Amino acid sequence: YTPNSNGTILLDTGNVRISNFEAGAYAGFERRWWSNKWKINATARVDKNQNFPFLFSPAASIIYSKNKTNTWRASFSSAIRNPTLQDQFLYYNVGRAILLGNKNGVNKVCELQNFIDYLNTLNRDTLRPINIAPIRPESVKTAEIGYKGVLFDGKLVVDAGYYLSFYQNFIGYRGVVDV
């Protein structure tokens, strides 16, 4: 990527030029056995963004099909999301606020509510500056079990699943004040 916003939305003014590359590779394996009643599937993906380390995201599933109308499944999967160019390099002045990307982190800012509390008391001791670490790739790991089938002589179709996901480094927005 080589955006050129001339400072209208990104930090690319003067001699600052933004460039960023990313690449990924994916491989998978599938095997059936016992008259095709069982199927196992495994995949792996590796991603690299120039501003972040290599990221590995594996997945695996096992499926048992008793017959054409009844199937049980269990799986584990993982995924990543690299921060976008805006997540990293945004610089957008909207008048009352400046929206910033966070490639390098931010130091000595106050949470918005903390600053409002300070304005209500004008007591400098109430200000609690914080540091925000640089943005990192978001990741999720998910475990899932499920059943899909036709019951009661075709009178009921069921597709039920239960999954549990664990997120790390969730990419979102945070209101802070530079004091």
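Residues numbered from 1 in each chain as written. Predicted model: local features only at pLDDT ≥ 70, side-chain atom pairs only at ≥ 80, totals over all residues. Heavy atoms only, no water.

Novice: Help me understand the overall build of the protein in this model?
Specialist: A count of helices and strands for the protein gives two helices and eleven strands. When the elements of the protein are put in sequence order from the N terminus, they spell out β-β-β-β-α-β-β-β-α-β-β-β-β. Rg of the C-alpha trace for the protein: 24 Å, well past the compact-globule value of 16 Å for 179 residues, more than 25% over. Projected onto the principal axes, the alpha-carbon positions of the protein cover approximately 70 × 40 × 25 Å. (Helix = DSSP H or I, 4+ residues; strand = E, 2+ residues; numbered from the N terminus. Rg over C-alpha atoms; globule rule 2.2 N^0.38 Å.)

Novice: Help me understand the pattern of salt bridges, please; the structure alone is not making it clear to me.
Specialist: Side-chain pairing between opposite charges can occur once the charged atoms of the two side chains come close. In the structure shown here, the tally under the stated rule is seven salt bridges. Of the charged contacts in the structure, one is a salt bridge between R32 and E30, with a shortest N-O distance of 3.7 Å. Put simply, K39 and E30 hold a salt bridge, and the shortest N to O gap is 4.0 Å. One network of salt bridges, in which partners are shared, links E30, R32 and K39. (Salt bridge = Lys/Arg side-chain N within 4 Å of Asp/Glu carboxyl O.)

Novice: Help me understand the sheet that holds strand β2 (residues 38–49) in this model?
Specialist: Strands belonging to one sheet form pairs held by backbone hydrogen bonds; the direction of such a pair is parallel or antiparallel. Pairing in this open sheet of six strands is antiparallel, and the strands run β1-β2-β3-β4-β9-β10 from one edge to the other. Single-partner strands in this sheet number two, and they are β1 (22–33) and β10 (156–168). Taking each pair of neighbouring strands and ignoring which way they run, the sheet shows an average axis angle of 10 degrees. Taken together, the twelve bridges between strand β4 (residues 70–81) and strand β9 (residues 138–151) define a ladder with antiparallel strand orientation. Note on β9: the bridge partner recorded for S77 is T142. (Pairing = 2+ DSSP bridges. Axes fitted to C-alpha atoms, helices over the stretch in contact; angles between N-to-C directions.)

Novice: I'm lost on the layout of surface pockets in this one. Help?
Specialist: In this approach, a probe sized like a water molecule rolls over the atoms, and the result shows the empty space that is left. Considering only enclosed or pocket space, the largest pocket measures out at about 1000 Å³ in volume. If you go around the largest pocket, you meet 29 residues; those closest to its centre are L100, I132, Y173, R174 and V176. Looking at the lining of the largest pocket, the elements that each hand over two or more residues are α1 (85–89), β6 (98–100), β7 (106–111) and β11 (176–178). Taken together, the residues that form the lining of the largest pocket break down as 18 nonpolar, six polar and five charged. (1 Å grid on protein atoms, 1.4 Å probe; cavity = no way out; pocket = protein on both sides within 12 Å on 5 of 7 lines; lining within 4 Å. Points joined across faces, edges and corners; volume = space filled by probe spheres on them. Nonpolar A, V, L, I, M, F, W, Y, C, P; charged D, E, K, R; others polar.)

Novice: What is the right way to look at the side chain of N82 in this model?
Specialist: Turning to its location among the elements, N82 is positioned in the loop between β4 and α1. Residue N82 is classed as buried on the basis of its relative accessible area, which comes to 13%. When near neighbours in sequence (up to four residues on either side) are disregarded, N82 contacts E22, D47, N49, F52, L55 and P137. (Buried < 20%, exposed > 50% of the residue type's maximum accessible area, 1.4 Å probe, protein only. Contact = heavy atoms within 4.5 Å.)

Novice: Even after reading the chapter, I still don't get the pairing of β7, so can you show me in this structure?
Specialist: A regular strand carries its side chains on alternate faces of the sheet. Relative to strand β8 (residues 130–132), β7 runs antiparallel, the two sharing two bridges. Residue V106 lies in a different strand from β8, and its bridge partner there is I132.

Novice: I tried to follow the sheet that holds β8 on my own but got confused; where do I start?
Specialist: Read from one edge of the open sheet, three strands run β8-β7-β11, paired in antiparallel fashion. A strand with exactly one partner marks an edge of an open sheet, and here the two such strands are β8 and β11. Pairwise comparison of adjacent strand axes, ignoring direction, gives a mean angle of 60 degrees for this sheet.

Novice: What am I meant to see in the environment of N20 here?
Specialist: Tracing the backbone through its elements, the reader meets N20 in the segment before β1. For the pair N20 and T2, spaced 18 residues apart in the sequence, the C-alpha separation amounts to 6.7 Å. Setting aside residues up to four positions removed in sequence, N20 forms contacts with Y1, N49, Q50, N51, L85 and Q88. In terms of polar contacts, N20 uses its side chain to reach the side chain of N49, at 3.2 Å. (Polar contact = N/O pair within 3.5 Å; in protein donor to acceptor, adjacent residues only side chain to side chain.)

Novice: Teacher, can you tell me more about unusual backbone geometry here?
Specialist: The bulk of non-glycine residues show a negative phi, and the bulk of peptide bonds are trans. One non-glycine residue, W34, lies in the positive phi region at around 50 degrees. When you line up the elements, W34 lands in the loop between β1 and β2.

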